[in-house]
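A closer look at the structure
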Amino acid sequence: MIKFNHVYKIFERDIKALDDITFTVEKGELVFLTGPSGAGKSTIFNLLYRDEHPDMGTILVENTDIAHLNASKVPFYRRKIGFVFQDFKLLFDRSIFDNIALPLVITGSPKEYIKRTVDMAIKNIGLEGRESLNPWHLSGGEKQKVALARALVLNPPLLMADEPTGNLDEESAWNIMETFVNLNKNGITVLIASHNKEMIKRVGRRVIRLEKGRIVSDALV
Ligand SMILES: Nc1ncnc2c1ncn2[C@@H]1O[C@H](COP(=O)(O)OP(=O)(O)OP(=O)(O)O)[C@@H](O)[C@H]1O
Ligand SMILES: [Mg+2]
């Protein structure tokens, strides 16, 4: 599903955010990206989301070379990816309902379908009755759930989450991890960047460890 082939990303002042990265993720895998701050985890996501371009190398996603994807095709390509950002990126000028509905509105889904789908998503994350509130009022764990619901609303084959348990207590963090594992069991490919060693161990899947832009290990835990 994902193929990085000798990928380099170099920022100004010669910072090699990614320094010859090669790895493959098969459809249906759940993979952790780990490593110290600045190792290049978010850069991998930004490349996959087509927010950044590699300086060298190729990135294939379902056999599409995304580095050379025509700009006009990017929005369509992004529909295949549910992305839970490190800082959630919820919109505070609209309700919880409208945050989750956004990808459906952008892609032109019919109103009744949007209502039905978003109502169900809100029920699934236990926020019934609060859908018209501004997400500002939610706790960190609840914001995370809204971000995840929005990421999943188009049923993407690939889910990426950048530090999804960063600011959560242990129980909420584990709930989110269980959600990812269950989604993966239902067939979605999942890529998670995380520092949380205990959580990674508990989930017990493949872990790619990065240091200074290089892969230093790739193994099952
Ligand atoms: N837009 C940018 N401009 C300049 N340098 C950048 C940019 N984005 C990332 N970097 C640099 O690239 C390196 C890798 O950053 P990245 O955000 O990928 O690390 P990370 O592994 O996600 O770290 P963290 O665990 O702190 O989130 C860092 O040295 C960072 O400063
Ligand atoms: Mg990061």
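Relevant structure appears above.
Throughout what follows, the structure given in this document is the object of discussion. Here the structure is a predicted model, which means the values were calculated and not measured. (Residues numbered from 1 in each chain as written. Chains lettered and ligands numbered in written order. Predicted model: local features only at pLDDT ≥ 70, side-chain atom pairs only at ≥ 80, totals over all residues. Heavy atoms only, no water.)

Moving on to the sheet that holds strand S7 (residues 158-162). Working definition: the strands of a sheet are paired by backbone hydrogen bonds and lie parallel or antiparallel to each other. Across the sheet, six strands lie side by side as S6-S7-S8-S3-S9-S10; this open sheet has mixed pairing. Each end of this open sheet is capped by a strand with a single partner; those strands are strand S6 (81-84) and strand S10 (214-220). The average undirected angle you get between the axes of adjacent strands in this sheet is 15 degrees. Looking at chain direction, strand S3 (residues 30-34) and strand S9 (residues 206-211) are connected through four bridges and run parallel. Paired with Val31 across the two strands is Arg206, which belongs to S9. (Pairing = 2+ DSSP bridges. Helix = DSSP H or I, 4+ residues; strand = E, 2+ residues; numbered from the N terminus. Axes fitted to C-alpha atoms, helices over the stretch in contact; angles between N-to-C directions.)

The next subject is the side chain of Thr43. Here Thr43 lies in helix H1 (residues 41-48). When neighbours within four sequence positions are excluded, Thr43 is seen to be in contact with Lys9, Phe11, Ala17 and Leu18. (Contact = heavy atoms within 4.5 Å.)

Around ligand 1, the surrounding shell holds 14 residues, and the nearest of these are Ser37, Gly38, Lys41, Ser42 and Thr43. At a separation of 2.4 Å, an oxygen atom of ligand 1 approaches a polar side-chain atom of Ser37. Measuring from an oxygen atom of ligand 1, one finds a side-chain N or O atom of Thr43 at 2.6 Å. Burial of ligand 1 by the protein chains amounts to 66% of its free accessible area of 630 Å². Of all elements in the fold, only strand S2 (15-25) and H1 reach the threshold of two or more residues within the shell around ligand 1. (Near = heavy atom within 4 Å. Polar contact = N/O pair within 3.5 Å; in protein donor to acceptor, adjacent residues only side chain to side chain. Areas by Shrake-Rupley, 256 points an atom, 1.4 Å probe, with all protein chains shown as cover.)

Moving on: the packing of helix H3 (residues 96-106) against helix H4 (residues 111-124). As a packed pair, H3 and H4 sit with axes 10 Å apart at the nearest point and diverge in direction by 135 degrees. The angle between the axes of H3 and H4 places the two elements in the oblique class. Relative to H4, H3 is oriented so that their crossing is right-handed. Of the residues in H4, those in contact with Phe97, Ile100, Ala101, Leu104 and Val105 of H3 are Tyr113, Ile114, Lys115, Thr117, Val118, Asp119, Ala121 and Ile122. (Parallel < 35°, antiparallel > 145°, perpendicular 65-115°, else oblique. Left-handed = near helix turned anticlockwise from the far one by under 90°.)

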